[in-house]
Amino acid sequence: MGSRITRPRGGARGAAVEIRRATAGDAGRLTKLVRGSHAYRGPYASMVAGYRVGQDYIETHEVYVATGEDGRVLGFYALVLDPPELDLMFVADDAQGLGIGRRLVGHLTGRAREAGLDAVRVVAHPPAEGFYRSVGALRTGTVAARPPAVPWDRPEMVLPVGPGDDVNAREGR
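Bear in mind the structure is a predicted one, so any value in this text is a computation, not a measurement.

A. Representation of the overall build of the protein chain in the model. When helices and strands are counted, the protein chain shows six helices and eight strands. Secondary structure elements in the protein chain, listed N-terminal to C-terminal, are β-β-α-α-α-β-β-β-α-β-α-β-β-α. Across the 173 residues in the protein chain, those meeting the buried criterion constitute 48%. Once local pairs closer than 6 in sequence are excluded, the contacts in the protein chain between residues at least 24 apart make up 61%.

B. View of the confidence of the model for the protein chain. Considering every residue of the protein chain, the mean pLDDT works out to 88; 86% of them sit at 70 or more. Here residues 3-14 is modelled with pLDDT under 50, and outside its nearest four sequence neighbours on either side it reaches 30 contacts, counting other chains as well. For residues 165-173, every residue scores under 50 in pLDDT, and the model assigns this stretch 24 contacts once sequence neighbours within four places are set aside.

C. Here's a closer look at the environment of Thr67. With respect to the secondary-structure elements, Thr67 resides in strand E3 (residues 62-68). With a relative accessible area of 5%, Thr67 lands in the buried category. Setting aside anything within four residues of it in sequence, one finds Thr67 in contact with Ala16, Val17, Glu18, Arg20, Arg72, Val73 and Leu74.

D. Structural context of the pattern of salt bridges. As enumerated under the stated definition, the model contains nine salt bridges in all. With a closest N to O distance of 3.4 Å, Arg111 and Glu114 form a salt bridge. Of this pair, Arg111 and Glu114 both sit in helix H4 (residues 100-114), three residues apart, which is roughly one turn of the helix. Overall, Arg111 belongs to the buried group, its relative accessible area being 14%. Residue class for Glu114 comes out exposed when judged on its relative accessible area of 53%. Salt-bridge contacts for Arg139 lead to Glu129; the nearest nitrogen and oxygen are separated by 2.9 Å. Linking Arg139 in strand E7 (residues 138-143) with Glu129 in helix H5 (residues 129-134), this pair joins segments that are 10 residues apart in sequence. By relative accessible area, which is 37% here, Arg139 ends up partly exposed. By relative accessible area, which is 15% here, Glu129 ends up buried. In this structure, a network of salt bridges that share partners links the residues Arg20, Asp26 and Arg29.

E. The arrangement of unusual backbone geometry in detail. The amide bond that connects Asp82 to the next residue, Pro83, takes the cis arrangement and shows omega of -5°. Within the fold, Pro83 resides in the loop between strand E4 (73-81) and strand E5 (84-91). The omega torsion across Pro147 and Pro148 is 0°, close enough to zero to call that bond cis. As for its position among the elements, Pro148 is in the loop between E7 and strand E8 (154-160).

Reading guide: rules and limits
Residues numbered from 1 in each chain as written. Predicted model: local features only at pLDDT ≥ 70, side-chain atom pairs only at ≥ 80, totals over all residues. Heavy atoms only, no water. Helix = DSSP H or I, 4+ residues; strand = E, 2+ residues; numbered from the N terminus. Buried < 20%, exposed > 50% of the residue type's maximum accessible area, 1.4 Å probe, protein only. Contact = heavy atoms within 4.5 Å. pLDDT = per-residue confidence, 0-100. Salt bridge = Lys/Arg side-chain N within 4 Å of Asp/Glu carboxyl O.

Have a look at this one:
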């Protein structure tokens, strides 16, 4: 399932973004994106230190990657269908603010809808809560810290994916 979409703002006008199923060959680039994320600097660095998005993970999970016309990875997400949960979502630091995250969420909700889901659980990185709420996620609680792996509490949300809940559709894209 791939889709070509036009970048909403920023970057070269008319530059296309493709969202496609990740392949095992994307593993290194996805790992690099996770480990290099500025969102995980400082107190959050331990969460991604040594983190690896392996070929086996990509082959056994629903992982979708957004790439630019030049093939550069702009972001990706991993959706677990049973139980429904957003496992990973990252947008390259220099692609943030360009609508890539919203496009990925729109793709995710479409994929979840195709799978017969009506909602997806999101346990967010604390600084990302505002983004998820802006795309329709509703706060349902807090997931307690589990030191040393996750030394901070995280917001727990649900992202509705019923008919017409696609963020891109809501924004007329």
